[in-house]
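Each chain, written out:
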Amino acid sequence: MRIESDGDLVTASRNHLVFAYYVTGHGFGHATRVVEVVRHLINAGHDVHVVTGAPDYVFTSAVQSPRLFIRKVLLDCGAVQADALTVDRLASLEKYKETAVVPRESILATETEWLHSIKADLVVSDVVPVACRAAADAGIRSVCVTNFSWDFIYAEYVMAAGIHHRSIVWQIAEDYSHCEFLIRLPGYCPMPAFRDVIDVPLVVRRLHKSRKEVREELGIGEDVKLVIFNFGGQPAGWKLQEHYLPSGWLCLVCGASQDQELPPNFIKLARDVYTPDIMIACDCMLGKIGYGTVSEALAYKLPFIFVRRDYFNEESFLRNMLEYYQGGVEMIRRDLLTGHWAPYLEHATTLRPCYDGSINGGEVAARILQDSVAGKNYVSDKLSGPRRLRDAIVLGYQLQRAPGRDISIPEWYINAQSELGLRTSVELKDGTALIQSSSTEDFEILHGDIQGLSDTMAFLKSLARLNAARDSGKTADLLQVRERKAAAKLFNWEEEIFVTRAPGRLDVMGGIADYSGSLVLQMPIREACHVAIQVTHPSKQRLWKHALARQEAKGQGRTPVLQIVSYGSELSNRSPTFDMDLSDFMDGENPISYAAAREYFAKDSTQRWAAYIAGTILVLMAELGVRFENGISMLVSSAVPEGKGVSSSASVEVASMSAIAAAHGITISPRDLALLCQKVENHIVGAPCGVMDQMASSCGEANKLLVMLCQPAEVLGLVDIPGHIRFWGIDSGIRHSIGGADYGSVRIGAFMGRKMIKTIAASMLPQSSDADYVHPSDLEDDGVELFEAESSLDYLCNLSPHRYEALYAKMIPETIHGDEFLEKYADHCDSVTVIDPKRSYGVQAPARHPIYENFRVHAFKALLTSIVSDEQLSALGELLYQCHYSYSACGLGSDATDRLVRLVQEMHHGKKDNQEDGTLYGAKITGGGSGGTVCVIGRNSLKSSQQIIEIQKRYERATGYLPFVFEGSSPGAGKFGYLKIRRRSSVN
């Protein structure tokens, strides 16, 4: 082994190949798998120069050879972790910029020179982006070996934490494109930046010792149960206590700091311990999911108790593989930190991991690398296109697939979606849906009407399958997805169950102007969220083992517990279950504050989703004085895709609160329910949304536009969608988030603008002595009354465009710094956002948008009922286009949604005639912007539908992503009401 610094280069002999192997700075897992590939390359007689920031012992403990050269250089930072379980998304982007973007030119020059100096034959990257570009600059071929890529990981961070860093993602993808091909490891994520792919088996480190040998060295007999505590290199902050382990168990702790004191039943392992040997001696492992831990747990059939990490998208794909081979059980973070380990340890010992595939991926990868240098071609141009399409990214870490597009995707990869029930019916060639008539035969409907909704029928059928699986005792065989297993044990099937339904919505007009008091037009879409709920006396509630153990540990007898199962967790990297004692919502005799609830749910990001559902309970307690004396079990199944800007969160909130109200006999009007749900999102979830999403989901009706004046939430009626007009939603594939920085800053800018306008108007009044503005004697034409109204302006949208342009537009700054605004105006008067004194905010565009948008919405509504003509459709379409570009002026556009709008414009302006068979007329970004879905208006004709399909194809050719199309409408929650069902006695 030879270690070299940047200034001490060593050139290898030319009697063998020279590999330059770059290792990402993220975690030990990459280094440990690189070791195995490097070992085989060196055994074959080649030199390997490893470029890494990992400790030397990671390599030297497995490879002792003069052909190994270690160069300590860090060329990327991976994901910056605040602790072992939390990734700081914004810090990750900023650190990458500091590490790899700012010094990029210097890095490329240095690496190019170094590669020439060692006479490298091939550059291998796991999975450092700039290494591929440096290799290209040096005229050397490059290959990547990995299960994920950083463009995939960072894409989600950009949308959620730092849109101003989005150029990083494009640069990383461009760097990867210089790679000749990808050697892809099992548990892989979508990686469309790579041209060609070769799949290899698991790469795992070999064992040096047997289970018996390790236990003898440790002095531990076979009668003792062992768990290895393995959270990578950052476990020093854990406060481990003796009572965490059941009697007869010992815990071997990896990576503990030298000064960390451990209880007597916890044993500190050496920093450089060879982990695979320790794993083989243990009965299970407790840790976080990473490639190294998962691959070695599977290879050595070690049950793995895992705790989810925040914001690392690789995890869900590895977890799918782990659970497919029956090797994993999830521990919620709360139980990890409070020492509630016993139920998980006991369960883990019952697992029988069944992975029986090859584990020689290191050897296979090394052989491919050698042969590639020798000129052997492993890839096929014929497979390149399909492979890249197969890997297209959807919603950051979701895959959008239609039936028939799953060819060649491993079963562990599609396992989650196969049972999600997102497809609620089978569509026939003539466009009709085939509905299973047996969907209601399993249950007696005591109240309500299915209303012929195919998705509701499918949901009831899924409940029946859960019931049948529980009765058969074969849940483990019949239900591969963990959510379904938990759901089968959720209900007492002999008792009544309530079912509610709430759709997502397509923002036709209004969008972000809702919080400024605009008129909005919203269409409830076909996709909806269903909730099944059962209320049970605490003594009869079917509790999960860990929830029951928690209650018993308190020694207070059975008290009401909230248990939730949410389908779709495998597509969203979150825990599928949530439970809490309802007493946690009480502070003495009163409900806890919303701020306390927000903090409660923020403790574990993998369970933060529960705030949307459980938060409805707290809002009912706080706002209506409701108290819940019985246990609550809920099953949530949403077909409204997350992150597409079609109000997935609102549909979940509305369906959940509707279910809770129905099950407890609480009568709430659809409007009031929507306002209560907005409180959930604003104050408990912490997202600064307006109320139009919840209103559309609650008050909407099928094939009609809900007309609402958001001051604060007045439903003015419903407008029938004319028969000759049709709306579509086309998903861009870019995840939308109203919790992101852009949406919040634009909202702040709008409220800043309102405050400025009020201040200017007040200065115009006769009693004002402000010399900065027009003298009061000049007010005759404009009118004192108008200035009085504008000085107390409640909503920006109550200011007409002509008044804004004539009197205020030139006085509103384009931007203003937070501290400058606060010093001059004190507050922006918005209860759901907070001004950051250290940042700059756009004001002019965010203030202008709602003023003009309100006008556009009124014009749109009037045009809908005008005489049918091509001019009518052209005018409606123009209003959509204007709205779209106004979003962009605010900073809420995106390249992807702009592309879709341009494609619609190409169809619009490229039509050959303006007759009845006219086509598409307009499009706009929707909702909170920054990605998500584009709303399209067109003539209700076959040609228009064909053009929507053509847009899908063109977008796919340009981006590799086939967009999902929303079409059709369905009733809101108020119109649907609720179902009360009970299993028929004849069902066994």
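Everything quoted here is computed from the prediction, not taken from an experiment.

(A) Spatial organisation of the overall build of the chain. The number of helices and strands found in the chain is 34 helices and 35 strands. Taking as baseline every contact in the chain between residues at least 6 positions apart, the subset at least 24 positions apart corresponds to 71%. Surface accessibility of the chain: about 37500 Å² in total, with carbon and sulfur atoms responsible for 49%.

(B) The nonpolar core, seen in detail. Within the largest apolar cluster, 64 residues are counted, with the highest numbers of intra-cluster contacts made by Tyr21, Phe59, Ile183 and Leu369. Top contributing element to this core by residue count: helix α1 (residues 27–43), with seven residues. Two domains share this core, each providing at least three of its residues, namely domain 1 (18–200 + 367–377 + 385–400) and domain 2 (211–357). When near neighbours in sequence (up to four residues on either side) are disregarded, Leu369 contacts Phe19, Val37, Leu41, Leu122, Val124, Val143 and Ile183. Trp609, Met657, Ala659 and Cys677 belong to the second largest nonpolar core, which has 47 residues in total.

(C) Quick look at the pattern of salt bridges. Throughout the structure, instances matching the rule amount to 46 salt bridges. One salt bridge in this structure joins Glu315 and Arg309, with 4.0 Å as the shortest N-O distance. On the basis of relative accessibility, which here comes to 0%, the residue Glu315 falls in the buried class. Of the charged contacts, one joins Arg848 and Glu805 as a salt bridge, the two residues approaching to 3.5 Å between their closest N and O atoms. Pair noted here: Arg848 is in helix α30 (residues 844–864) and Glu805 is in helix α28 (residues 801–808), with a separation of 43 residues, a long-range link. Overall, Glu805 belongs to the partly exposed group, its relative accessible area being 33%. When salt bridges with common partners are traced through the structure, they connect Arg211, Arg215, Glu222 and Asp283 into a single cluster.

(D) A look at helix α21 (residues 594–602). Looking only at α21, the buried set comprises Tyr594, Ala597, Tyr600 and Phe601. In an axial view of α21, the angular spread of the buried residues amounts to 115°, which keeps them on one side of the axis. As for α21, its buried residues are in contact with α12 (333–338), β23 (577–581), α22 (610–624) and α24 (670–685).

(E) Molecular detail of unusual backbone geometry. Each neighbour pair has its own omega, and for Asp126 with Val127 the value is -15°, a cis peptide bond. Among the structural elements, Val127 can be located in the loop between β7 (122–126) and α5 (129–137). Cis geometry marks the peptide bond from Gln711 to Pro712; its omega dihedral reads 0°. Among the secondary structure elements, Pro712 is positioned in the loop between β27 (704–709) and β28 (714–720). Phi is positive for Lys301, close to 55°, though the residue is something other than glycine. Relative to the helices and strands, Lys301 is located in the loop between α10 (291–299) and β15 (304–307). Phi at Asn703 is positive, roughly 60°, even though this residue is not glycine.

(F) Representation of the confidence of the model for the chain in the model. The predicted model of the chain has a mean per-residue pLDDT of 85, with 86% of residues at 70 or higher. Counting contacts from residues 1–14, a segment whose pLDDT is below 50, to residues more than four positions away or on other chains yields 37 contacts. The low-confidence segment residues 475–480, where pLDDT is below 50, has 15 contacts with residues more than four positions distant or belonging to other chains.

(G) How the structure looks around the pairing of strand β21 (residues 519–536). Buried residues dominate β21, accounting for 16 of its 18 residues. As defined by bridge partners, strand β20 (residues 497–509) adjoins β21 across 10 bridges and the pair is classed as antiparallel. Note that in β21 the partner of Phe498 across the bridge is Ile533. Bridge count between β21 and β27: four bridges; the pairing is antiparallel. Its bridge partner being in β27, Leu521 is matched across the sheet by Val707. Summarising the sheet, β21 and strand β26 (residues 631–638) pair through eight bridges and their orientation is antiparallel. Residue pairing in the sheet places Ile533 in a bridge with Met634 of β26.

(H) Just the sheet that holds strand β14 (residues 284–288), in detail. With parallel pairing, six strands are arranged side by side in an open sheet as β13-β12-β11-β14-β15-β16. In the strand order of this sheet, the two ends are held by β13 (266–268) and β16 (328–330), each with one partner. For this sheet, the mean inter-axis angle between neighbouring strands, taken without regard to orientation, is 25°. Taken together, the four bridges between β14 and β15 define a ladder with parallel strand orientation. Within β15, the residue paired with Gly287 across the bridge is Phe306.

(I) Examining the packing of α10 against helix α11 (residues 314–324) more closely. Where α10 meets α11, the closest approach of the two axes is 10 Å, and the angle between their N-to-C directions is 5°. With respect to α11, the element α10 is oriented roughly parallel. Across the interface between the two elements, Tyr291, Val294 and Leu298 of α10 pack against Glu314, Leu318, Met321 and Leu322 of α11. When its residues are assigned to classes, the contact of α10 with α11 shows six nonpolar, no polar and one charged.

(J) Up close: the pairing of β15. Of the two faces of β15, the one carrying Phe304 and Phe306 and the one carrying Ile305 and Val307 are both buried. At this point the chain moves from β14, through α10, to the parallel β15, and the crossover so formed is right-handed. With three bridges connecting them, β15 and β16 associate as parallel partners. The partner of Phe306 across the bridge, within β16, is Glu330. The β-α-β motif built from β15, the intervening α11 and the parallel element β16 has right-handed crossover chirality.

(K) Focus on helix α33 (residues 942–959). The terminal C-alpha atoms of α33, which comprises 18 residues, lie 26 Å apart, in line with the 26 Å expected from a rise of 1.5 Å per residue. Residues Ser944, Ser945, Gln947, Ile948, Ile951, Gln952, Tyr955 and Glu956 constitute the buried set of α33. Positive backbone phi, at 85°, marks Gly960, one or two positions downstream of α33.

(L) Seen up close, the sheet that holds strand β34 (residues 965–966). Taken in spatial order, the four strands line up as β32-β33-β29-β34 in an open sheet, and their pairing is antiparallel. Each edge of the sheet is formed by a strand with only one pairing partner; in this case those strands are β32 (920–925) and β34. Sitting on the sheet, helix α31 (residues 870–890) touches β29 (725–731), β32 and β33 (933–939), and the angle it makes with β32 is about 20°.

(M) Focus on the packing of aromatic side chains. With the rule as written, the count across this model stands at 27 aromatic pairs. A centroid spacing of 5.0 Å and a plane angle of 80° characterise the contact between Tyr324 and Tyr325, whose relative ring orientation is edge-to-face. A centroid spacing of 5.9 Å and a plane angle of 40° characterise the contact between Phe578 and Phe601, whose relative ring orientation is tilted. Of the two residues, Phe578 is situated in strand β23 and Phe601 in helix α21; the sequence distance between them amounts to 23 residues. Its relative accessible area of 3% is what places Phe601 among the buried residues. Counting every residue linked through ring pairs, the aromatic cluster contains Tyr96, Phe148, Trp150, Tyr154 and Tyr157. Here the basic side chain of Arg803 rests over the ring of Phe787, its NZ or CZ set 5.0 Å away from the ring centre.

(N) Inspection of the environment of Gly248 at higher detail. Secondary-structure assignment places Gly248 in the loop between β11 (225–230) and β12 (249–253). Residue classification places Gly248 among the partly exposed positions, given a relative accessible area of 43%. Measuring from C-alpha to C-alpha, the distance between Gly248 and Asn265 comes to 9.2 Å, with 17 residues separating the pair along the chain. Sequence-distant contacts of Gly248, that is, excluding residues within four places in its chain, are made with Val224 and Lys225.

(O) How the structure looks around the packing of α28 against α30. Viewed as axis vectors pointing N to C, α28 and α30 meet at an angle of 150°, and their least axial separation amounts to 9 Å. On the basis of the axis angle, α28 is roughly antiparallel to α30. Where α28 abuts α30, its residues Pro801, Tyr804 and Glu805 lie against Gln844, Arg848, Ile851, Tyr852 and Phe855. Of the residues in the contact of α28 with α30, the class split is five nonpolar, one polar and two charged.

The rules behind these values
- Residues numbered from 1 in each chain as written.
- Predicted model: local features only at pLDDT ≥ 70, side-chain atom pairs only at ≥ 80, totals over all residues.
- Heavy atoms only, no water.
- Helix = DSSP H or I, 4+ residues; strand = E, 2+ residues; numbered from the N terminus.
- Contact = heavy atoms within 4.5 Å.
- Areas by Shrake-Rupley, 256 points an atom, 1.4 Å probe, with all protein chains shown as cover.
- Core = buried A, V, L, I, M, F, W, Y, C linked by side-chain atoms within 4.5 Å.
- Buried < 20%, exposed > 50% of the residue type's maximum accessible area, 1.4 Å probe, protein only.
- Domains from an automatic or database assignment.
- Salt bridge = Lys/Arg side-chain N within 4 Å of Asp/Glu carboxyl O.
- Arc of directions from axis to C-beta.
- pLDDT = per-residue confidence, 0-100.
- Pairing = 2+ DSSP bridges.
- Axes fitted to C-alpha atoms, helices over the stretch in contact; angles between N-to-C directions.
- Parallel < 35°, antiparallel > 145°, perpendicular 65-115°, else oblique.
- Nonpolar A, V, L, I, M, F, W, Y, C, P; charged D, E, K, R; others polar.
- Right-handed = clockwise from strand over helix to strand, strands pointing away.
- Expected span 1.5 Å × (residues − 1).
- Phe/Tyr/Trp six-rings, centres within 6.5 Å; stacked < 30°, edge-to-face > 60°.
- Lys NZ or Arg CZ within 6 Å of the ring centre and 35° of its normal.

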